[in-house]
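Notes for the structure review
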Amino acid sequence: MEKQIEKKCLDLVDNYRILAEGNKMEFSEMILACAGLYLAAGVHPDMVKVQECKKLLKSKAGIFSNFRGSDELLVRCKMALAVDPDLYFENVEGEYQRLKSFFSGEQTVLAAMILAEQRVSAESQADKTKLIYKEMKEAHPWLTSESDLPFAALMAVSGRDASTVYEEAEEIFALLKNNKLRADKNTLQMLSHILAIRKGSAEEKSNKLCALATGLKEAGHSLGTGSRLAILGILADSGLPTDLLVDRICETDDFLKQYKPFRGIFSVGKDCRRMFAVQMVQSSLSNEESLSTSALMSASVELAIITMILMMIVVSSTASYHTGSH
């Protein structure tokens, strides 16, 4: 196993342990997403700062605010990593208000966080996000919902024309269906959005994605056919051969099995573990580049994708719990 990947895994596990000790009531998936956030930043969590930001957030957002919903820990960690936590929250709140005409839920908070971290005209990025979302809704009225707004935000900050990037997403959606990728329609839509913001041609990325999914299934490390499969999109533009990527993901998956929260009765499950195996492999590839703005942006995009997928899982789990308890 690659030493760099092994170190990434151990850092992720260590970050999870630190965050879990101070957030015992949180979903493991959300703690993992935040552990990945610190991994991308190259630092370990400072729980004193996280607790300080908890108090700051409470002073700025009421108990029924969407900033204090399922993704509250993520908001607190992002604030703790900022040079000025107060200013960071104000920027995110500003973007949230610009997007609020569409939705005002937790996925809108995530979309606002994506926009707030860009150093460009805030209003133009929010308008671009809305335009892309409208195109999504017109093309797939039954599939498109608030959960797609963060993907629209990612497309908006990609630096490409709004219509052009969405046209590519539609092309990729058709290619994935033609390739008979085993995935539900919502996952196909998520994948088309993710692949549209990666470099390379639509056909090349679609073929690479399908080959990765098939290779992992044949190796006994499938990500299934649901939303977790979408994480493979972050490797669709990798220059490494598919068989090498599959081998590295499988090795990483087996390595993570040894550690909490990936082992034991209350573990997060194999599909979630494999999501993070994919992130560890991609993270190691990103470090081969210079630490330029583009490399840091890439890490931010990958983390946003993972967080979006995990948010869907957390929200779904919460809904199932409440339904079963009545």
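Residues numbered from 1 in each chain as written. Predicted model: local features only at pLDDT ≥ 70, side-chain atom pairs only at ≥ 80, totals over all residues. Heavy atoms only, no water.

With that settled, consider the packing of aromatic side chains. The geometry of an aromatic ring pair is captured by two quantities: the separation of the ring centres and the angle between the planes. Per the stated rule, a full pass over the model turns up 4 aromatic pairs. Ring geometry for Phe 255 versus Tyr 259: centroids 5.4 Å apart, planes at 55 degrees, classification tilted. Under the relative-accessibility criterion, Tyr 259 is labelled partly exposed at 24%. (Phe/Tyr/Trp six-rings, centres within 6.5 Å; stacked < 30°, edge-to-face > 60°. Buried < 20%, exposed > 50% of the residue type's maximum accessible area, 1.4 Å probe, protein only.)

Tracing the backbone shows Ala 61 in the loop between helix H3 (47-60) and helix H4 (72-81). On a C-alpha basis, the gap between Ala 61 and Glu 93 in space is 9.8 Å, while along the polypeptide they are 32 residues apart. Filtering out sequence-adjacent residues up to four positions away, Ala 61 remains in contact with Phe 67, Arg 68 and Phe 89. (Helix = DSSP H or I, 4+ residues; strand = E, 2+ residues; numbered from the N terminus. Contact = heavy atoms within 4.5 Å.)

This part covers the confidence of the model for the protein chain. Of the residues in the protein chain, 86% have a pLDDT of 70 or more, and the chain-wide mean is 84. Here helix H14 (residues 293-324) stands out as the least confident element of the protein chain, with mean pLDDT 51; helix H12 (residues 242-256) is the most confident, with 97. Every residue in residues 287-299 scores below 50 in pLDDT, and together they form 9 contacts with partners more than four places removed in sequence or on other chains. A low-confidence stretch, residues 316-326 (pLDDT under 50), is modelled with 2 contacts involving residues beyond four sequence positions or located in other chains. (pLDDT = per-residue confidence, 0-100.)

Let us look at unusual backbone geometry. The phi torsion of most residues other than glycine is negative, and most of the peptide bonds are trans. Backbone torsion omega between Lys 260 and Pro 261 reads 10 degrees, so that peptide bond is classified as cis. With respect to the helices and strands, the residue Pro 261 is situated in the loop between H12 and helix H13 (270-286). For Lys 180, which is not glycine, the phi dihedral falls at a positive 55 degrees. Mapped onto the secondary structure, Lys 180 falls in the loop between helix H9 (162-178) and helix H10 (185-196). When its relative accessible area of 71% is taken as the criterion, Lys 180 is described as exposed.

The residue Glu 72 is located in helix H4 in this model. Its relative accessible area of 11% is what places Glu 72 among the buried residues. Not counting chain neighbours up to four residues away, the residues in contact with Glu 72 comprise Lys 54, Leu 57 and Phe 67.

Counting along an α-helix, one turn takes 3.6 residues, and residues three or four places apart therefore face a common direction. End to end, helix H1 (residues 3-22) covers 29 Å across 20 residues, agreeing with the expected 28 Å (1.5 Å per residue, within 8%). Among all positions of H1, only Ile 5, Lys 8, Cys 9, Leu 12, Val 13, Asn 15, Tyr 16, Ile 18, Leu 19 and Ala 20 are buried. (Expected span 1.5 Å × (residues − 1).)

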